Amino acid sequence: MPGVWLPHCLILALLLVAGSFSFAQQAGSPKGKVSSAALAEHPANTGQSLSSSSSVHTTTAEKALPSLEPALVFHDLSAANDQVLKYARLKKDEQGEPLALQTAVVRMVPGKGGPDIEYVDLIGAVHIGEHHYYQQINGLFRQYDVVLYELVAPKGTRIPRGGGKNHSIIGNLQSGMRKVLGLGLQLEDVDYHLPNLVHADLTPDEFFESMAKRNESIAGMIGKAWLAGMGRQRSSRALLNQVELYRNLLAGDSDKALKIWFASEMVDMNTMQRAIEGQNGSTLLAARNRKAVQVLRGEISKGHRRIGIFYGAAHLSGIQKLLQKDLGLVPAQVAWLEAWDLR
């Protein structure tokens, strides 16, 4: 496998765990600025996108996947308030063979001086996964008073059932990868029409305003990810993952081999995240994390006591730190959902 392919896949992995966007390229945008387009229905239910030149269609009438009660088993965590948890992992058997890519549900409870709530669950997401995984997500959402979710989109945006057709660059990358891996897509399978779901992300205007203040760009973000991926190729962990990929390819199941390799890369994203964030944080992660916590404060003030935050797994360590520092919440328990079957 050509070595240059690895950074490409790492960039794709970043997009799969770091965020959902409703961006579409628009002719005439200054210096290639990506304009907002609705991957959703207008609040007035016009059936048309919010931008006439958008390539995102919203006429689909397909339904999201039905709900399936998740069989979550929570395990107690250490009492240490400063622990940073992983929100994605590979489950392996006794022989070390991968069984599944899993995402975490971390339950945070009020510590001393914390808010008057029962808990906030941080629900890690990957943006492509098994259909069964998203069925369980739909079932899990019904257990909360309110669920905060990510999507860089205009206020009032509603994601159509079935997800619509997203022809943005990021949408095409995610759609292409799910087809290669034989998986479902979050924006198609998750039921965003549940009444307790609340948008908790930046609008496109807020996103680009933050990027401008930080002197960031989409191209710069991808460039940082590319360089981090090139550097990571020389790490022992990356080399081990490639050796495992070749071994699995020689075993004769190329589809499974690629799926296992990609899952391994997704759970080992620290190098790329640090490159994107830098010393002062980035719009892609840090600014959106703060927005989620801001919306959470508003929902707590409304009296909600059982709250879920459904965000890309790459976000949740940062959100966890903010909840500990700003709201006095502490991680108490963790459960795991099976996102990809690697058997």
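Calculation rules
Residues numbered from 1 in each chain as written. Predicted model: local features only at pLDDT ≥ 70, side-chain atom pairs only at ≥ 80, totals over all residues. Heavy atoms only, no water. Helix = DSSP H or I, 4+ residues; strand = E, 2+ residues; numbered from the N terminus. Buried < 20%, exposed > 50% of the residue type's maximum accessible area, 1.4 Å probe, protein only. Areas by Shrake-Rupley, 256 points an atom, 1.4 Å probe, with all protein chains shown as cover. Phe/Tyr/Trp six-rings, centres within 6.5 Å; stacked < 30°, edge-to-face > 60°. Lys NZ or Arg CZ within 6 Å of the ring centre and 35° of its normal. Pairing = 2+ DSSP bridges. Core = buried A, V, L, I, M, F, W, Y, C linked by side-chain atoms within 4.5 Å. Expected span 1.5 Å × (residues − 1). pLDDT = per-residue confidence, 0-100. Contact = heavy atoms within 4.5 Å. Axes fitted to C-alpha atoms, helices over the stretch in contact; angles between N-to-C directions. Parallel < 35°, antiparallel > 145°, perpendicular 65-115°, else oblique. Left-handed = near helix turned anticlockwise from the far one by under 90°. Nonpolar A, V, L, I, M, F, W, Y, C, P; charged D, E, K, R; others polar.

So, about the overall build of the protein. A count of helices and strands for the protein gives 11 helices and 12 strands. With 343 residues in all, the protein has 55% of them scored as buried. Entry remark: accessible area of the protein is about 15500 Å², with carbon and sulfur atoms responsible for 52%.

Right, let's get into the packing of aromatic side chains. Per the stated rule, a full pass over the model turns up seven aromatic pairs. Among the aromatic residues, those joined into a cluster by ring pairs are Trp-261, Phe-262 and Trp-340. Stacked on the ring of Trp-336, the Lys or Arg Arg-89 has its end atom at 4.0 Å from the ring centre. A cation over an aromatic ring shows up here: Arg-107 above the ring of Tyr-119, its NZ or CZ 3.7 Å from the ring centre.

In this structure, strand β4 (residues 88-92) lies alongside strand β5 (residues 98-110), joined through five bridges in antiparallel fashion. Along β5, the bridge assignment pairs Lys-92 with Pro-98. Here β4 folds back onto β5 in antiparallel fashion, the turn holding five residues, of which Gly-96 has a positive phi close to 85°.

What follows is about the nonpolar core. Counting residues in hydrophobic clusters, the biggest one holds 71 residues, and the most contacted among them are Leu-122, Phe-310, Leu-323 and Trp-340. Ranked by residue count, the leading element in this core is strand β12 (residues 329-341), at seven residues.

Glancing now at helix α8 (residues 254-266). Look at α8: 18 Å from first C-alpha to last across 13 residues, which is about the 18 Å you get at 1.5 Å a residue. Among the 13 residues in α8, 10 count as buried, and that is most of the element. Three or more residues of α8 are buried, namely Ala-257, Leu-258, Lys-259, Ile-260, Trp-261, Phe-262, Ala-263, Ser-264, Glu-265 and Met-266.

Mean pLDDT over the protein stands at 76; residues scoring 70 or higher make up 64%. Across the protein, the secondary-structure element scoring lowest on mean pLDDT is strand β1 (residues 23-24), at 36, and the one scoring highest is strand β8 (residues 146-149), at 98. Note that pLDDT drops below 50 for residues 22-61; the model gives that stretch 87 contacts with residues more than four away or on any other chain.

The subject of this paragraph is the environment of Leu-77. Among the secondary structure elements, Leu-77 is positioned in the loop between β3 (75-76) and β4. The partly exposed category is assigned to Leu-77, whose relative accessible area is 23%. Sequence separation between Leu-77 and Val-106 is 29 residues, and the spatial gap between their C-alpha atoms is 9.3 Å.

Right, let's talk about the packing of helix α10 (residues 283-301) against helix α11 (residues 313-327) for a bit. It is at 9 Å that the axes of α10 and α11 come closest, and there the two elements cross at 50°. Between α10 and α11, the interaxial angle falls into the category oblique. Considering the relative orientation of α10 and α11, their crossing is right-handed. Of the residues in α11, those touching α10 at Leu-284, Leu-285, Arg-288, Asn-289, Arg-290, Ala-292, Val-293, Leu-296, Arg-297 and Ile-300 are Ala-314, His-315, Gly-318, Ile-319, Leu-322, Leu-323, Asp-326 and Leu-327. Among the residues forming the contact of α10 with α11, the class breakdown is 11 nonpolar, three polar and four charged.

Here we come to the pairing of β5. Counting buried residues in β5 gives 11 out of 13 residues, a clear majority hidden from the surface. One ladder, built from 11 bridges, connects β5 with β12; its direction is antiparallel. Its bridge partner lying in β12, Met-108 is registered against Pro-331. The sheet contact formed by β5 and strand β6 (residues 119-125) spans four bridges and is antiparallel. By the bridge assignment, Met-108 is partnered in β6 with Val-120.

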